[in-house]
Amino acid sequence: MDGRLPNHIAIIMDGNGRWAKQRNRPRSFGHLEGLKTAKRIISHVSGLGIPFVTLYVFSTENWKRPLQEVSYLMGLITSYLKKEYQFYDEHDIRVTFSGDTTELPEEVAAALKETEDYTSGHGGTTVNLAINYGGRDELVRAVNSLPLKDGRITADDIASALDHPEIPDPDLVIRTAGERRLSNFLIWEAAYAELYFSPVLWPDWTAAELDTALGDYAERTRRFGGIVS
């Protein structure tokens, strides 16, 4: 693909439930298709050589959903992570995670740790999965982790205490399925991100949809509060 590419893309993968409802299928069917889409998009991102992608998998607010759906999602996350080692190797993908893993079921937390360890030596695209993640929760955890000291806490102090200070801020945040809000996603890191809202439900996303978003991004001028001469 021609044009200026972002260094870090963050995606709010929305619309799985609506996609399933349109087909008179259970929400679990939509989540499974959404997982297949995530793999398809990750493959394309890797092929483009984009260094970082963060996917909003499960938010701190998603625990409010029906227990059956939450249980299905936790099982899907666990099984997916364990089955995709060949995919990670093939694309040289490093997998990491944002969010509070202490509140996750033990088998999910273990699968996250095993996958992170297994892919730690890979040098391609880093796929950061936001699981039990909320932007406000991340900020609270970051501030509470800082040592007490005289003087004021600085922005650099907070940034260094976030879940992954080594990952650069997202250049582009994409939300699918027509909603136009961040929904507590990377609220510190996305302060100067470009936003792209797509009406297409997540399970219907293809490489072409991502290319359209990247083309839109390439036409923008980023000022970061300054003036471009």
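Keep in mind that what you see is a predicted model, and the values were worked out from it rather than measured. (Residues numbered from 1 in each chain as written. Predicted model: local features only at pLDDT ≥ 70, side-chain atom pairs only at ≥ 80, totals over all residues. Heavy atoms only, no water.)

## Section: the overall build of the protein chain
Condition: For the purposes of this entry, the term helix denotes a DSSP run of H or I that reaches at least four residues, the term strand denotes a run of E that reaches at least two, and both are numbered from the N terminus. We take the radius of gyration over the C-alpha atoms and set the globule estimate at 2.2 Å times the residue count to the 0.38 power. Exposure categories follow from relative accessible area, calculated using a 1.4 Å probe and restricted to protein chains: below 20% of the type maximum is buried, above 50% is exposed, and the middle band is partly exposed.
Check the secondary structure of the protein chain and you find eight helices and six strands. Secondary structure of the protein chain in N-to-C order comes out as β-α-α-β-α-α-β-α-β-α-α-β-β-α. The C-alpha radius of gyration computed for the protein chain amounts to 18 Å, which stays within 12% of the reference 17 Å derived for 229 residues, consistent with globular compactness. In terms of principal-axis extent, the alpha carbons of the protein chain reach across some 55 × 45 × 35 Å. Per-residue burial over the protein chain gives 47% buried out of 229 residues.

## Considerations on the sheet that holds strand β4 (residues 126-133)
Formally: At least two bridges found by DSSP between two strands is the condition for calling them paired. Axis lines are fitted through C-alpha atoms, for helices just across the contact stretch, and the angle between N-to-C directions can take any value from 0 to 180 degrees.
Spatially, six strands are ordered β3-β4-β2-β1-β5-β6 in an open sheet, and the strand pairing comes out parallel. Two strands close off the open sheet at either side, each with one partner strand: β3 (94-98) and β6 (194-197). Recorded for the sheet is a direction-independent mean angle of 20° between the axes of neighbouring strands. Sheet topology places strand β1 (residues 8-12) next to strand β5 (residues 172-175); four bridges connect them, and they run parallel. Paired with Ile-9 across the bridge in β5 is Leu-172.

## So, the pairing of β5
The two faces of β5 match: Leu-172 and Ile-174 on one face and Val-173 and Arg-175 on the other face are all buried. Direction of pairing for β5 relative to β6: parallel, over a ladder of four bridges. Residue pairing across strands places Leu-172 opposite Glu-194, the latter belonging to β6.

## Some thoughts on the nonpolar core
Here is a general trend for soluble globular proteins: nonpolar side chains tend to be buried in one another's company. To keep it simple, the criterion reads: Nine residue types can take part in a nonpolar core, namely buried Ala, Val, Leu, Ile, Met, Phe, Trp, Tyr and Cys, and a core is a set of them joined through side-chain atoms within 4.5 Å. Residue contacts are counted whenever heavy atoms from the two residues lie within 4.5 Å of one another.
Core analysis: the biggest nonpolar cluster contains 42 residues, and Ile-11, Leu-55, Leu-81 and Ile-174 have the highest contact counts within it. In terms of residues, this core owes the most to one element, helix α3 (residues 67-83), which gives seven residues. When sequence neighbours within four positions are dropped, the list of residues in contact with Leu-81 reads Tyr-88, Phe-97, Ala-111, Leu-112, Thr-115 and Leu-129. Of all hydrophobic cores here, the second largest spans 10 residues; its members include Tyr-56, Ala-130, Phe-185 and Ala-193.

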